[in-house]
Every structure is written in C-alpha cells, then in structure tokens.
Amino acid sequence: MSITTIEGQFNDAQGQYAIVVARFNSFVVESLLEGAIDALKRHGISEESIRVVRVPGAFEVPLAVQKLAAQKKDDAIIALGAVIRGGTPHFDYVCAESAKGIGHVSLETGVPVVNGILTVNSIEQAIERSGTKAGNKGAEAALAAIEMVSLLRQLEG
C-alpha cells in the first residue's frame, strides 16, 4: 500500500488570472502588483491572460472579487492591497472584513482567491514585504494562485 499525494504544479496552470488591486497605500501595492505579474509571466501565463481590476482600498476588494468569481471567466483571482496599522481600530475592521470576504467568495464559488493583502504594523514592514528583505508577497500570492489552479484541475480530473 502506498500513499497518494496530490499537489499543484507550476508548469500546468495555463488559464485566465484576475488581480484585484487596492489603490490605497499604492506606494506599496504597486510593487506587489509588479511582483504578481512577473511571477505569472515567469510561469508561462501570457499578458493577455491577466487582467487587473483596481478598487479604492482593501475593504472594497471582496466585492470586486465576488463579481469576478461570479463571471466564471478566471481560473484564479489574486487580491492585493496593504493595510498599515494606525492609531485607531480601523485597521482591525478592515483587515478582518477583507480577509473574511475574500475567503467567503472562494468557498462559495469554488474559484481560488488568494489573499495577498498585507496587514502590517508599520510602513517599514509593508516595504519589506513588497520586494525588499521579506521578498514580494504579491509574487508569492501569484504562485499560490498558479498552484491552486493546478491542484483543482487534478482534483476535478
């Protein structure tokens, strides 16, 4: 008896990818977007297979993700944004609601939605995660999307 392992691959996930991008904190988010697009292209996804949808902020991301998922045009959706803690509880509400909404859409529609929204305590942490010391979390989100597309195809096949 042997154990069967099923996992996504990075070489068989051709398809359509949408990236929902929050404009708030754009000095960080644009680097996340560049990282995501670069990762997709490096894994064989053509520019014609990528569409970018811009929304005001992280709180608005789940609604755009829901509309895209309902269209059933995309094999995966990548959500990008940056929420930086300030002096009020606003941070906690935005983080919680955007994460909950994104997760809900993925479960309800069966479309992989990858949460690449940074939730950080400082501008320095945001910069580190958007392409410097801690890598580019936009690229990591794109890789997770590719892997999920491949995995779901195997599970459906």
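Residues numbered from 1 in each chain as written. Predicted model: local features only at pLDDT ≥ 70, side-chain atom pairs only at ≥ 80, totals over all residues. Heavy atoms only, no water.

(A) Fine view of the pattern of salt bridges. Counted by the stated rule, this structure contains nine salt bridges. Put simply, glutamate 97 and lysine 100 hold a salt bridge, and the shortest N to O gap is 3.5 Å. Here lysine 100 and glutamate 97 lie together in helix α3 (residues 90–109), a separation of three residues that amounts to about one turn. (Salt bridge = Lys/Arg side-chain N within 4 Å of Asp/Glu carboxyl O. Helix = DSSP H or I, 4+ residues; strand = E, 2+ residues; numbered from the N terminus.)

(B) Structural context of unusual backbone geometry. Its identity as a non-glycine residue notwithstanding, asparagine 25 has a phi of 60°, on the positive side. Considering the arrangement of structural elements, one finds asparagine 25 in the loop between β1 (17–22) and α1 (26–42). Positive phi values are uncommon outside glycine, yet lysine 72 reaches one of about 60°. Following the sequence through the fold, lysine 72 ends up in the loop between α2 (61–71) and β3 (76–84).

Note that all results are geometric; they support no functional claim without further evidence.
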